[in-house]
There are 2 protein chains.
Amino acid sequence: MPLIPNDSIIDEMESLLNIASDFTRLKIMYTISEDEKSVNEIVSEVGASQSLVSHQLKILRKANLVSTRREGTHVFYALADDHVIALLNVVYEHVTEE
Amino acid sequence: MPLIPNDSIIDEMESLLNIASDFTRLKIMYTISEDEKSVNEIVSEVGASQSLVSHQLKILRKANLVSTRREGTHVFYALADDHVIALLNVVYEHVTEE
DNA sequence: TTATTATATGAACATCAATTCATATTTCAA
DNA sequence: TTGAAATATGAATTGATGTTCATATAATAA
């Protein structure tokens with residue numbers, strides 16, 4: 001059913017998948033999937049260093065997978081939209097079935 | 001809606017996404033998405049070297065994303081199941097929307 | 001067996017990206 | 001304006017992986 005996308009589309013798909021294919025980033029995305037969270041909260045829940053989380057958040061931000069809101073000294077991150085959840089769900093189901 | 005999967009599940013998700021996040025492998029998967037194809041046919045359609053295609057096919061096989069059938073000197077590859085298509089579709093839509 | 005076609009594989013290389021460490025920046029309170 | 005808390009960033013390192021090259025294996029036909 002799917003025609004083969006042209007190379008530039010496949011390039012973009014590769015980029016998106018590359019960003020999704022990292023343990024720390026996956027955990028971050030799940031952590032903020034319910035509700036926005038501050039960097040500190042994310043650091044606690046993910047269990048990685050503050051620096052690493054910040055680096056990875058930057059990557060997610062650049063790819064428009066998360067959105068940002070500042071409140072005083074705190075910065076809150078949330079998933080950009082529901083596409084991300086849909087992607088996580090498909091992957092989750094592939095992994096957990098059979 | 002998604003509870004946070006435990007680390008081993010996230011590990012498996014990371015692995016699957018890693019395998020999907022490569023230009024050559026994406027092209028291969030699309031190439032055989034309609035119908036099984038021999039390695040030679042895949043090489044022609046993908047436009048990569050025979051060696052590279054064979055290496056990547058091995059990776060896809062190891063991850064159970066493709067199945068194999070031998071017929072004389074030819075080896076035919078096909079997508080293992082429809083999960084793979086579902087994954088490709090979600091990613092494609094994310095990339096092409098907006 | 002020999003030759004030929006199809007496919008697979010091991011080694012080497014080169015690039016990229018995840019992580020850490022140290023430090024900078026921002027914001028606000030005292 | 002000094003200090004502290006929260007977040008961001010640059011550099012360095014280390015490990016993983018995509019690609020190529022050369023060669024091996026498998027299958028068949030002559």
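To be clear, the structure that these remarks concern was listed above.
Predicted, not measured: the structure shown is a model, and the values here were computed from it. (Residues numbered from 1 in each chain as written. Chains lettered and ligands numbered in written order. Predicted model: local features only at pLDDT ≥ 70, side-chain atom pairs only at ≥ 80, totals over all residues.)

*Asks:* Could you clarify how one ought to interpret the protein's contact with DNA strand C in this entry?
*Replies:* Taken together, the neighbourhood of DNA strand C is formed by 22 residues, with Ser51 of chain A together with Ser38, Val39, Asn40 and Ser51 of chain B sitting nearest. Along the lines of polarity and charge, the residues of the surface near DNA strand C split into six nonpolar, 14 polar and two charged. (Near = placed C-beta within 6 Å. Nonpolar A, V, L, I, M, F, W, Y, C, P; charged D, E, K, R; others polar.)

*Asks:* Is there a simple way to think about the protein's contact with DNA strand D in this case?
*Replies:* Around DNA strand D there are 24 residues in total, and Ser38, Val39, Asn40 and Ser51 of chain A together with Ser51 of chain B lie nearest to it. Looking at the surface near DNA strand D, the elements with two or more residues in it are α3 (39-46), α4 (50-62) and β3 (74-79) of chain A together with α2 (23-31) and α4 (50-62) of chain B. In terms of residue count, the dominant contributor to the surface near DNA strand D is α4 of chain A (six residues). Here the surface near DNA strand D is composed, by residue class, of seven nonpolar, 15 polar and two charged. (Helix = DSSP H or I, 4+ residues; strand = E, 2+ residues; numbered from the N terminus.)

*Asks:* What is the right way to read the relation of the copies chain B and chain A from this model?
*Replies:* One copy of the chain maps onto the other through a rotation about an axis plus a displacement along that axis. Its rotation angle being 180°, the transformation that places chain B on chain A also includes 0.0 Å of axial translation and leaves an RMSD of 0.0 Å. Overall, the copies show the geometry of a two-fold rotation axis. Counting the interface residues of chain B, we find that 100% of their copies in chain A are interface residues as well, pointing to one common contact surface. (Least-squares fit on C-alpha atoms with pLDDT ≥ 70 in both. Contact = placed C-beta atoms within 7 Å.)

*Asks:* What exactly am I supposed to notice about the sheet that holds strand β2 (residues 66-71) of chain A here?
*Replies:* Two modes of strand pairing occur in sheets, parallel and antiparallel, and in both the strands are linked by backbone hydrogen bonds. Residues and elements named next belong to chain A. Spatially, β1-β3-β2 is the arrangement adopted by the three strands of the open sheet, whose pairing is antiparallel. Both outer strands of the open sheet, β1 (37-38) and β2, are each paired with one neighbouring strand and no more. Relative to β3, β2 runs antiparallel, the two being bridged by six bridges. Bridging across to β3, Glu71 finds its partner in His74. (Pairing = 2+ DSSP bridges.)

*Asks:* So what exactly am I meant to see when it comes to the interface of chain B and chain A here?
*Replies:* How big an interface is tends to be stated in terms of accessible area lost as the parts join. In this complex, chain B contributes 33 residues to the contact, which on the side of chain A involves 33 residues. Elements represented by at least two residues in the side of chain B that touches chain A include exactly α1 (7-20), α2 and α5 (82-96) of chain B. The residue makeup of the side of chain B that touches chain A, split by class, is 20 nonpolar, eight polar and five charged.

*Asks:* Which parts of the structure should I look at to understand α5 of chain B?
*Replies:* Given 3.6 residues to a turn, an α-helix orients residues that are three or four positions apart in the same direction. For α5 of chain B, with 15 residues, the first-to-last C-alpha span of 21 Å sits near the 21 Å given by 1.5 Å per residue. Tucked inside the fold, the buried residues of α5 of chain B contact α1 (7-20) and α5 (82-96) of chain A together with α1, α2 and β3 (74-79) of chain B. At the exit of α5 of chain B stands Glu98 of chain B, carrying a positive phi of roughly 65°. (Expected span 1.5 Å × (residues − 1).)

*Asks:* So what exactly am I meant to see when it comes to the environment of Val75 of chain B here?
*Replies:* All names here are of chain B. Note that Val75 resides in strand β3. Given 17 C-beta atoms within 10 Å, Val75 falls into the partly exposed group. Between the C-alpha atoms of Val75 and Asn89, which are 14 residues apart in sequence, the distance is 27 Å. Beyond its immediate stretch of four places on either side in the chain, Val75 contacts Ser38, Val39, Thr68 and Arg70. (Buried ≥ 20, exposed ≤ 12 C-beta atoms within 10 Å, placed from the backbone.)

*Asks:* Sorry if this is basic, but what is going on with the pairing of β3 of chain B here?
*Replies:* Within a regular strand, the side chains alternate between the two sheet faces. As judged from the two bridges shared by strand β1 (residues 37-38) of chain B and β3 of chain B, these two strands associate in the antiparallel manner. Bridging across to β3 of chain B, Lys37 of chain B finds its partner in Tyr77 of chain B.

*Asks:* What is the right way to read the sheet that holds β3 of chain B from this model?
*Replies:* Taken together, three strands build an open sheet; the order of strands is β1-β3-β2 (chain B) and the sheet is antiparallel. A single partner strand is all that each edge strand has here, and the edge strands are β1 and β2 (66-71) of chain B.

*Asks:* Hey, could you run me through α1 of chain B in this one?
*Replies:* Along its 14 residues, α1 of chain B runs 20 Å from first to last C-alpha, staying within 8% of the 20 Å computed at 1.5 Å per residue. The set of residues buried in α1 of chain B consists of Ile10, Met13, Glu14, Leu16, Leu17 and Ala20 of chain B. Across the axial projection of α1 of chain B, the buried residues extend over an arc of 165°, all falling on one side. Away from the buried face of α1 of chain B by more than 90 degrees, exposed residues Asp7 and Ser8 of chain B are located. Considering only its buried residues, α1 of chain B is in contact with α1, α2 (23-31) and α5 of chain A together with α2 and α5 of chain B. (Arc of directions from axis to C-beta.)

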